[in-house]
Protein chains: 2
Amino acid sequence: MNLILLSPDDIENTTLARVRCPRRLAHLNGIHRACEGDELTVGIENGLLGKSTLLSISTQEAVFDISGLNQSPPPALPVHLVLALPRPRMLARSLEHITALGVKQLTLLHTHRVEKSYWQSPELGEDKIRQHLELGLEQARDTVVPKITLARGFRPFIEDQLEGLLKGRQGLLAHPGMPDACPRGIETPTLLLIGPEGGFIDWEVEQLLAAGCQGIHLGPRILRVETAVTALLARLF
Amino acid sequence: MNLILLSPDDIENTTLARVRCPRRLAHLNGIHRACEGDELTVGIENGLLGKSTLLSISTQEAVFDISGLNQSPPPALPVHLVLALPRPRMLARSLEHITALGVKQLTLLHTHRVEKSYWQSPELGEDKIRQHLELGLEQARDTVVPKITLARGFRPFIEDQLEGLLKGRQGLLAHPGMPDACPRGIETPTLLLIGPEGGFIDWEVEQLLAAGCQGIHLGPRILRVETAVTALLARLF
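These notes cover the structure that comes with them.

A few points about the interface of chain A and chain B
Each side of the interface is counted separately: chain A has 22 residues, and chain B has 23 residues. Elements represented by at least two residues in the side of chain A that touches chain B include exactly helix H2 (88-101), helix H3 (126-140) and helix H6 (225-236) of chain A. Examining the composition of the side of chain A that touches chain B, we find that 5 residues originate from one element, H6(A), more than from any other. A breakdown of the residues in the side of chain A that touches chain B according to their chemical character gives 9 nonpolar, 7 polar and 6 charged.

If you want it as structure tokens, here you go:
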């Protein structure tokens, strides 16, 4: 936890915040061994961050002076990521990686090779997703919560959403065997699409290419989704 | 498992291999539902790979015709990676990512912020490490087993090993706050050093810079080691 992330509920006024969330309190008391007077890095959800004095701490609450927060969160990546819904355990870890790397818009997509049961997983619950986003933000010292959209059908996504997502963005379809190598160090707003374990099926690739996406690859190695997401984001931006 | 990796023990002669390893047999029978006559991707440890006909399969063994293996494994990354020993669960995953990405030389290093108990973890057993390397190779369709070295002291590493490792390699020290951004798309043989959670301490950074390493960073975000390793390798090479 490299940042204490304050939710709107924690903010008492412009100078005081009270953290009562058991997870963050346990971390402050147990791992940080925080004491009254300590200077800690604190950030307001979707707002500023900076050093903050811990005014008091107990097992019930931690009170921070937030009058000095004056830093902007680190820049976001210029990407809307569309990721075929991974299996639950990999989803959890991927959400943390993706958030830490600075993705702010994520669509989780159904495709032919996504097991239907994944959509019933408790990992997709709002609280569970939120928890992984918080861990990613706390890791990377960021305050801006990513927006997650669930697209439970591939065809409706293609027919109703893709055109809108491609307005003002270049579409990049990451898929093994595509003709072009993944570009490096771009700044163009991008819609990046990544398939499930086993990849998109041919028909899905055709639909995405027909909609104007460019097919890109990461080389001959087949990577796990989790590795591929981080590798693609790090190479692209 | 995108490749069946054959160990020397599996090779009967230049045309026949018998797989008796329970893990791979269970995968062939359970996940692949492999049948006599199937064509599967097979590779010989540290050797060639290609399509191979499954001549017979039971719960006891799978017999492959390996006379047609004629592809070279995918190119390795031109890097020797020096990674501060991560905590055991992260080590396991990092070994798989690193192997899948094509690292062939890895030194696991003790530093001030590496907990001593990590060196006692069963995850450091030869069999355990080997298992994660195999999973990485099977994932990426590679056959060349990475070489792992344990450096249990920071000072002996600096005094006895670093100079040799820097012969013919540029040294890159990845550490938050270093002056230069991580280079992109290089082909130079590289020694890449990555610290533990919490980073190298100042004295360690000074030692590494004094030995000729260049300090590089990945931007203002603090990443988990696991994410940072993949991001650095994907951006550098």
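Re the pairing of strand E4 (residues 49-57) of chain A
Remark: a regular strand shows side chains that alternate across the two faces of the sheet. All names here are of chain A. Pairing between strand E3 (residues 39-44) and E4: 5 bridges, direction antiparallel. Note on E4: the bridge partner recorded for valine 42 is glycine 50. Hairpin connection between E3 and E4: a loop of 4 residues separates the two successive antiparallel strands, and asparagine 46 in this loop has a positive phi of roughly 60°. By the bridge criterion, 4 bridges tie E4 to strand E5 (residues 62-65) in an arrangement that is antiparallel. Bridged to serine 56 within E5 is valine 63. Between E4 and E5, which pair antiparallel in sequence order, lie 4 residues.

Let's talk about unusual backbone geometry
Residues and elements named next belong to chain B. Positioned with a positive phi, arginine 33 is a non-glycine residue whose angle comes to about 45°. If you trace the backbone, arginine 33 turns up in the loop between helix H1 (22-30) and strand E3 (39-44). The backbone phi angle of arginine 141 is positive, close to 55°, even though this residue is not glycine. Structurally, arginine 141 is set in the loop between helix H3 (126-140) and strand E8 (147-151).

The rules we used
Residues numbered from 1 in each chain as written. Chains lettered and ligands numbered in written order. Predicted model: local features only at pLDDT ≥ 70, side-chain atom pairs only at ≥ 80, totals over all residues. Contact = placed C-beta atoms within 7 Å. Helix = DSSP H or I, 4+ residues; strand = E, 2+ residues; numbered from the N terminus. Nonpolar A, V, L, I, M, F, W, Y, C, P; charged D, E, K, R; others polar. Pairing = 2+ DSSP bridges.

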